[in-house]
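# Examination of the molecular architecture
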Amino acid sequence: MQEHIGAYLPVLAANGVSVRFGGVQALDNVSLDVGDGEICGLIGPNGAGKTTFLNAITCLTRPQRGSIQLSGRTISDAAVRDIIGLGIARTFQNVGVYGSLSVLENVMLGAHHKMGGKFVRALLNPVGAWAEEKAVRRQAEAILEELGMSALSAARADSLPYPLQKRMEIARALAAEPRLLLLDEPAGGLTHGEVSEFGKLITTIRHSRKLSILLIEHHMGLVMSLCDRIHVFHLGRNLASGRPKEIRTNEAVIAAYLGRSE
Amino acid sequence: MRNSVVRTAATIVGFLLVAALLPVCLSGFQLQQVSIAISYAIAILGLNLLMGFAGQICLAQGTLFGIGAYVTAILNATYGVHPLATLPAAAAVTALAGLVVGLPALRLQGLQLAIITFGVAAAFPQLLLKLGTWTGGVSGLPIDSLEPPAFLADYSELWLYLVSLGCACVAAMIVRLVLFGDVGRALRAQRDSSQIAEALGVNLTKTKLWAFAISSALAGLAGGVFAILNGFISPQSFLAPLSITIVIGSIVGGSTSIVGAFVGGLFITFVPTWTSNINLALGNVIYALALIGIMLLARGGVAGLVDRLTAALTTRSNPNGKAGQSAN
Ligand SMILES: Nc1ncnc2c1ncn2[C@@H]1O[C@H](COP(=O)(O)OP(=O)(O)OP(=O)(O)O)[C@@H](O)[C@H]1O
Ligand SMILES: [Mg+2]
């Protein structure tokens, strides 16, 4: 299933992952890899198991079978809260923002794993906590600036329109300084013109941080133009993977999207 | 940012002004009552951290308050420790007790946690009676009265007031430090969505237990202060409804507010007396109406209402509104 191109070092390598929810086999023996510095697309019709796969990588769902490795290290049995510190940050399909917190606070939460919520330090070394807070705030403000959201930093997160909440989630994920960024339909709710602008933004942040990205998207134009490689899931299985132009002409993929079974 | 610094400064100045005026305006007895209210406010401060910011319900705050009071009383009456010197011990012992009370919170939430913690509150007075050898049983324990320093020799009520106020300031400072920065955000994050918080690396177990420990430490400190103010305690002071009363104080004052805790403490100390002064037979009814009225008028408590009013006056130019949870 996987093709290895040149000196190919996967940041993420998932092998034979299966997830079952009661009677639903959401993932059946799927494998997927993301190379260093690569943008990989993950596409497939609704219910294909894309979100479930992200949940499996981030340990929110425990696969019944399979292995998941980050830069060669097995992470499938890590604690949920350790994933972000290992270098994987994500956004959620149905936005996972804190509505009652400000945009800036949401983004600063992305850096939580580096500070670790130390109560003793907060109580006994307030000066240190204050200095750290200032540094984290500056970093978060820089990210918001980069994403063109500076003016919104003091606004309540739930006062933002849906696409901006999604963008804020990306800002929060970036504040975690991950190696691998998992985006679950980040362009949802964007208009046609905004989608291409969004594509440019992703390219920029990828190059400025040498990020590897796994992108779930239904906007085919965006996926095709942005991704180095694309993995296709269908009914919980690997259907195809390859370069955008291979995927675009793949018979099985076309059939799946037209709703016929192979 | 600047805005919130100004607001915090204004709040502190206003608070100190009121605190300085009270001894001038009030009689000795009234000042004593205010001191009691401040001791409740310290317990409410803890509960605000736990309930308002960490999202955990605890219907045993009055019990933890009682544990602190008994630690102070036992150390003083039995071992002759100076009353003020017992306060750190009262806070520490109660923090440990609070950790035990908080253990179920690692698995349970909401109503189930409410019932379990209230069970603790219901059992506490009888436990005190059973442990009569230490607690003095029904007859309770006396606490040495505080000797004011020489320059306040004739103003013992004022001295007690200053002591309770000082403890309250320490408590408020502790809450403020915990709510500041990363720790405060983690608390609120796990309150609003534990799943997202965990994905962001928040250690839910650690965060909840710390919230319980700090909240309980403040309840213990509050109880110690209460014992000193009263000069005598018995199981009668720590019946189960006290825990509910403290929750009411928290909600009426505004459970995500530091100043609100003081409003709540004053409310639960004075309003029941006032309403029964209006009409002895209907006192409880008037009290209930007052509670209902406040909840209808100000869902975020008195502090929430004040926040909304000032926000309406000051941020008309900002259509998005400022994010809440200012913790003033
Ligand atoms: N927690 C769950 N419990 C039961 N079934 C689930 C659960 N999560 C997902 N499923 C099922 O697993 C299958 C895959 O769902 P998933 O959300 O991963 O699809 P998806 O590819 O992300 O789809 P979409 O494009 O609509 O987001 C679906 O049939 C879904 O109903
Ligand atoms: Mg999905």
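Attention here is on the structure that accompanies the text. Computed from a prediction, not measured in an experiment: that's the story for all the values here.

Rules of the game
- Throughout this description, residue numbers start from 1 for each chain and increase along the sequence as written.
- Whichever chain is written first becomes A and whichever ligand is written first becomes 1, with later ones labelled in order.
- Where totals are concerned, whole chains, interfaces and linings use all residues; where local detail is concerned, this predicted model gives features only for residues with pLDDT of at least 70, and gives and counts side-chain atom pairs only at 80 or more.
- Neither water nor hydrogens contribute to the side-chain values; these are computed over all heavy atoms in the structure.
- Only heavy atoms are used to decide nearness, and a residue is near a molecule or strand if one of them lies within 4 Å of it.
- Throughout this description, a polar contact denotes any pair of N or O atoms lying within 3.5 Å of each other; where both atoms belong to protein, one of them has to be capable of donating a hydrogen while the other can accept it, and for residues adjacent in sequence the pair is counted only when both atoms sit in side chains.
- What sets the accessible areas is the Shrake-Rupley method with a 1.4 Å probe; for residues, cover comes only from the shown protein chains.
- Note on conventions: DSSP H or I runs of at least 4 residues are helices, E runs of at least 2 residues are strands, and numbering of each starts at the N terminus.
- As a working rule, the residues Ala, Val, Leu, Ile, Met, Phe, Trp, Tyr, Cys and Pro are called nonpolar, Asp, Glu, Lys and Arg charged, and the rest polar, with Gly in that last group.
- Put simply, a nonpolar core is a bunch of buried Ala, Val, Leu, Ile, Met, Phe, Trp, Tyr and Cys residues held in one set by side-chain atoms that sit within 4.5 Å of each other.
- Residue burial is assigned from relative accessible area. The probe radius is 1.4 Å, only protein chains are included, and a residue is buried under 20% of its type maximum, exposed over 50%, and partly exposed in between.
- Residue contacts follow a heavy-atom distance rule, with two residues in contact if any of their heavy atoms lie within 4.5 Å.
- Simply put, the buried area is the total loss of 1.4 Å probe accessible area from both parts when two parts are fitted together.
- When a carboxyl oxygen of Asp or Glu is within 4 Å of a side-chain nitrogen of Lys or Arg, the pair counts as a salt bridge.

Here the focus is the site of ligand 1. Residue and element names in this part refer to chain A. Of all residues adjacent to ligand 1, which total 13 residues, the nearest are G47, K50, T51, T52 and Q93. Backbone polar atom of G49 to an oxygen atom of ligand 1: 2.9 Å apart, as the coordinates give it. Between H218 and ligand 1, the recorded distance is 3.0 Å, taken from a side-chain N or O atom to an oxygen atom. In the complex, 62% of the free accessible area of ligand 1, which totals 630 Å², lies under the protein chains. Among the secondary structure elements, those contributing two or more residues to the shell around ligand 1 are β2 (24-35) and α1 (50-57). Counting residues per element, the shell around ligand 1 draws most heavily on α1, which supplies 3 residues. When grouped by side-chain class, the residues that make up the shell around ligand 1 number 4 nonpolar, 7 polar and 2 charged.

Below, the discussion takes up the nonpolar core. By size, the foremost hydrophobic cluster in this structure holds 84 residues, and its most contacted members are I42(B), L45(B), I233(B) and F238(B). The biggest single contributor to this core is helix α2 (residues 28-53) of chain B, with 16 residues. For I42(B), the contacting residues outside a window of four places in its chain are S164(B), C167(B), A168(B), A171(B), L218(B), L221(B), A222(B) and V225(B). Formed by 64 residues, the second largest nonpolar core is a distinct cluster that contains I39(A), A157(A), A176(A) and L215(A).

A word on the interface of chain A and chain B. Taken together, the contact pairs 36 residues of chain A with 35 residues of chain B. Looking at the side of chain A facing chain B, the largest losses of area belong to R81(A), Y98(A) and F119(A), adding up to 25% of the total buried there. On inspection of chain A and its partner chain B, the count reaches 2 salt bridges. A salt bridge links R185(B) to E133(A); the shortest N-O distance between them is 2.9 Å. For the interface between chain A and chain B, the tally reads 10 residue pairs in polar contact (both at pLDDT 80 or more). Put simply, the parts of the chain that give the side of chain A that touches chain B at least two residues each are α3 (103-109), α4 (112-115), α5 (119-124) and α6 (126-146) of chain A. A per-element tally of the side of chain A that touches chain B places α6(A) first, with 5 residues.

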